[in-house]
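Here is what each chain is made of, one letter per residue.
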Amino acid sequence: ILKENKWWKIYSSIPGMGKYLKSAFLDGCDMYSAENGYSEDLYLQCVSNAAVYRPTLVSTIFFSCTAIAAKMNPSLNKQIWPAKYSAFFISLLITLFIPNEPLFTSVYLLIMRICAMAFIFIQQIILIDMAYNWNESWVEQSNICESREWGSGKKWLNAIIISAVSLYIGSLTGIIFLYKYFIGEEGVSCGGNITVITFTLIGILAMTVAQLTGEDGSLLTTAVISAYSTYLAYSTVSKNPNSVCNPTLGNEDIWGIVVGLTLTMISLAWTGWSWTATERLTEGGVEVTRSLTPVNPARPDAASLNLDVPFIEDEDRPTTGLVMGNPNMNSANEEEQFNNRHGSSLWKLNVVLVLISCWVAASLTGWGTISGGIGEGGEHTAANPLVGRFNMVMICLSQTLAVGLYLWTLLAPRYFPDRDFS
């Protein structure tokens, strides 16, 4: 494969470099070679996984360092970015020559799975927040339309219902699909898969009933979480190392990769937007619109207003003319204001980016599994079945925590009415 690449030919012409790079990437993958009875696809999959671990490990370390730095001094997060970029790419270059064992396929693989599991839980919070804002935004649009013309806001409420129903239909269709293809053949029972799928269905019904019988939450939010729970159920059963219980074993899970990366992009975009929106939409980040009515005696009447000048109070008006001051003092004040404003949130943003880095690695490598071998009967098998079962447990546990979290947001206000859960 490498010999057919022209860039590899140019690189390998440098004395010794091609040997070191090839040795680093193939380290630990020899066990999946044809000499040991495995197909070439397993060997290629092992090398491909190793290629994914390198940039994601560098990204994990990078954002871990920036999280620590932001916790100590938030202003460091916006400084010396050219040096940070350089350090990132130099680190990535160095990893090309580090063997897979033990750093990538042992140490980082375990860290990746734990952090990806944590991200599933964080992603649930992101989706809940996004769904609540989605619902509130459309309800607000409906109210605005109703205030202008009676009955014109129904289209927004209908859009909410249609979106919720569509998500529910997608979830139930997915459950039926899982029951049809992932519970085994006649005479062969796949108890683990049946348990996962059944509890997913029960969780969806429980969330829906809890939402409809209470005053908290919204049907659209419940529909979003139901669809996400169905996706996690598919991710769980698709990691089953038994080919009878997992028809996708031995095939590249394009669907899982696309959905996983799509959720990653949505979560990343929403996380970044939410963090910056907090700055834009709070009282300190936006000027409240003031009326043109001259209720303030100090304000000129409407006939003499200069529309090129913002309508701000005198005490908020920017200083004009020649300003004398200590630039170092101004810089120190700005840094102190930045730290006070973002000290409690910037490092958390970097922690989320750490988890996203690990989730990307898990999505692209199937949580580090090597599957696609051919058994004695010609069926596909998993080269590392224990890893597949371990991944099933981790994803299933994450799904349980995610559904439990949303149920708590619905039920807690009922059982603890004296407490503020807003």
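Residues numbered from 1 in each chain as written. Predicted model: local features only at pLDDT ≥ 70, side-chain atom pairs only at ≥ 80, totals over all residues. Heavy atoms only, no water.

### Considerations on the overall build of the chain
Next up, step 1: Secondary structure assignment for the chain yields 12 helices and 2 strands.
Next up, step 2: What you see in the chain, going N to C, is helices and strands ordered as α-α-α-α-α-α-α-α-α-α-α-β-β-α.
Next up, step 3: Per-residue burial over the chain gives 37% buried out of 422 residues.
Next up, step 4: Residue pairs at least 24 apart in sequence account for 72% of intrachain contacts in the chain once pairs closer than 6 positions are excluded.
Next up, step 5: By element, 64% of the accessible surface of the chain is carried by carbon and sulfur atoms, the whole surface being about 24,600 Å². (Helix = DSSP H or I, 4+ residues; strand = E, 2+ residues; numbered from the N terminus. Buried < 20%, exposed > 50% of the residue type's maximum accessible area, 1.4 Å probe, protein only. Contact = heavy atoms within 4.5 Å. Areas by Shrake-Rupley, 256 points an atom, 1.4 Å probe, with all protein chains shown as cover.)

### As for the environment of valine 237
Next up, step 1: Relative to the assigned elements, valine 237 resides in helix H8 (residues 219–237).
Next up, step 2: Through-space distance from the C-alpha of valine 237 to that of valine 196 is 7.6 Å; in sequence the pair is 41 residues apart.
Next up, step 3: Apart from residues lying up to four places away in sequence, valine 237 is in contact with Leu178, Phe182, Asn193, Val196, Ile197 and Asn246.

### Remarks on the side chain of asparagine 100
Next up, step 1: Structurally, asparagine 100 can be placed in the loop between helix H4 (81–95) and helix H5 (103–148).
Next up, step 2: Among the polar contacts listed, one links the side chain of asparagine 100 to the side chain of arginine 54, at a separation of 2.9 Å.
Next up, step 3: The contacts of asparagine 100, once residues within four sequence positions are left out, are Ala24, Phe25, Leu26, Asp27, Cys29, Ala50, Arg54 and Thr105. (Polar contact = N/O pair within 3.5 Å; in protein donor to acceptor, adjacent residues only side chain to side chain.)

### Digging into the packing of aromatic side chains
Next up, step 1: What the rule picks out here adds up to 14 aromatic pairs.
Next up, step 2: In this arrangement the basic side chain of lysine 84 is found over the ring face of tryptophan 81, its NZ or CZ atom lying 4.3 Å from the centre. (Phe/Tyr/Trp six-rings, centres within 6.5 Å; stacked < 30°, edge-to-face > 60°. Lys NZ or Arg CZ within 6 Å of the ring centre and 35° of its normal.)

### Quick look at unusual backbone geometry
Next up, step 1: Between glutamate 101 and proline 102 the backbone carries a cis peptide bond, its omega angle lying at -5°.
Next up, step 2: Locating proline 102 in the fold gives a position in the loop between H4 and H5.
Next up, step 3: A positive phi angle, near 45°, is found at isoleucine 80, a position not held by glycine.
Next up, step 4: For isoleucine 80, a relative accessible area of 57% puts it in the exposed group.

### Section: the state of the cysteines
Next up, step 1: All chains considered together, the criterion is met by 1 disulfide.
Next up, step 2: Here cysteine 115 stays free of any disulfide, with the sulfur of cysteine 358 as its closest cysteine sulfur at 3.9 Å. (Disulfide = S-S within 2.5 Å.)

### Notes on the confidence of the model for the chain
Next up, step 1: Mean pLDDT for the chain: 75, with 69% of residues reaching 70 or above.
Next up, step 2: When the criterion is pLDDT under 50, residues 277–303 qualifies, and its contacts beyond four places in sequence or with other chains add up to 22 contacts.
Next up, step 3: The low-confidence segment residues 373–383 (pLDDT under 50) makes 25 contacts with residues lying over four places distant or belonging to another chain. (pLDDT = per-residue confidence, 0-100.)

### Regarding helix H7 (residues 191–212)
Next up, step 1: Taking 1.5 Å per residue, 22 residues should reach 32 Å; H7 reaches 32 Å between its end C-alpha atoms and fits that length.
Next up, step 2: For H7, the set of buried residues is Asn193, Val196, Ile197, Thr200, Gly203, Ile204, Met207, Thr208, Ala210 and Gln211. Projected down its long axis, H7 shows its buried positions confined to an angular sector of 165°, all on one face. For H7, exposure combined with an orientation more than 90 degrees from the buried face picks out Phe199, Val209 and Leu212. (Expected span 1.5 Å × (residues − 1). Arc of directions from axis to C-beta.)

### Here's the deal with a nonpolar patch on the surface
Next up, step 1: Among the surface-exposed residues, Tyr20, Leu93 and Phe97 lie close enough to one another that they form a single nonpolar patch of about 330 Å² accessible area.
Next up, step 2: Its place among the elements puts phenylalanine 97 in the loop between H4 and H5.
Next up, step 3: Given a relative accessible area of 31%, phenylalanine 97 falls into the partly exposed group. (Patch = residues over 30% accessible without salt bridge, like charges linked within 9 Å, V, L, I, M, F, W, Y side chains within 5 Å. Salt bridge = Lys/Arg side-chain N within 4 Å of Asp/Glu carboxyl O.)

### A look at the packing of H5 against helix H6 (residues 154–181)
Next up, step 1: Orientation of H5 relative to H6, taken along the N-to-C sense of each, is 155°, at an axis distance of 7 Å. The orientation of H5 relative to H6 falls into the category roughly antiparallel. Every residue of H6 that contacts H5 at Trp134, Asn135, Trp138, Val139, Gln141, Ser142, Cys145 and Glu146 is listed here: Lys154, Lys155, Trp156, Leu157, Ala159, Ile160 and Ser163.
Next up, step 2: In the contact of H5 with H6, the residues fall into 8 nonpolar, 4 polar and 3 charged. (Axes fitted to C-alpha atoms, helices over the stretch in contact; angles between N-to-C directions. Parallel < 35°, antiparallel > 145°, perpendicular 65-115°, else oblique. Nonpolar A, V, L, I, M, F, W, Y, C, P; charged D, E, K, R; others polar.)

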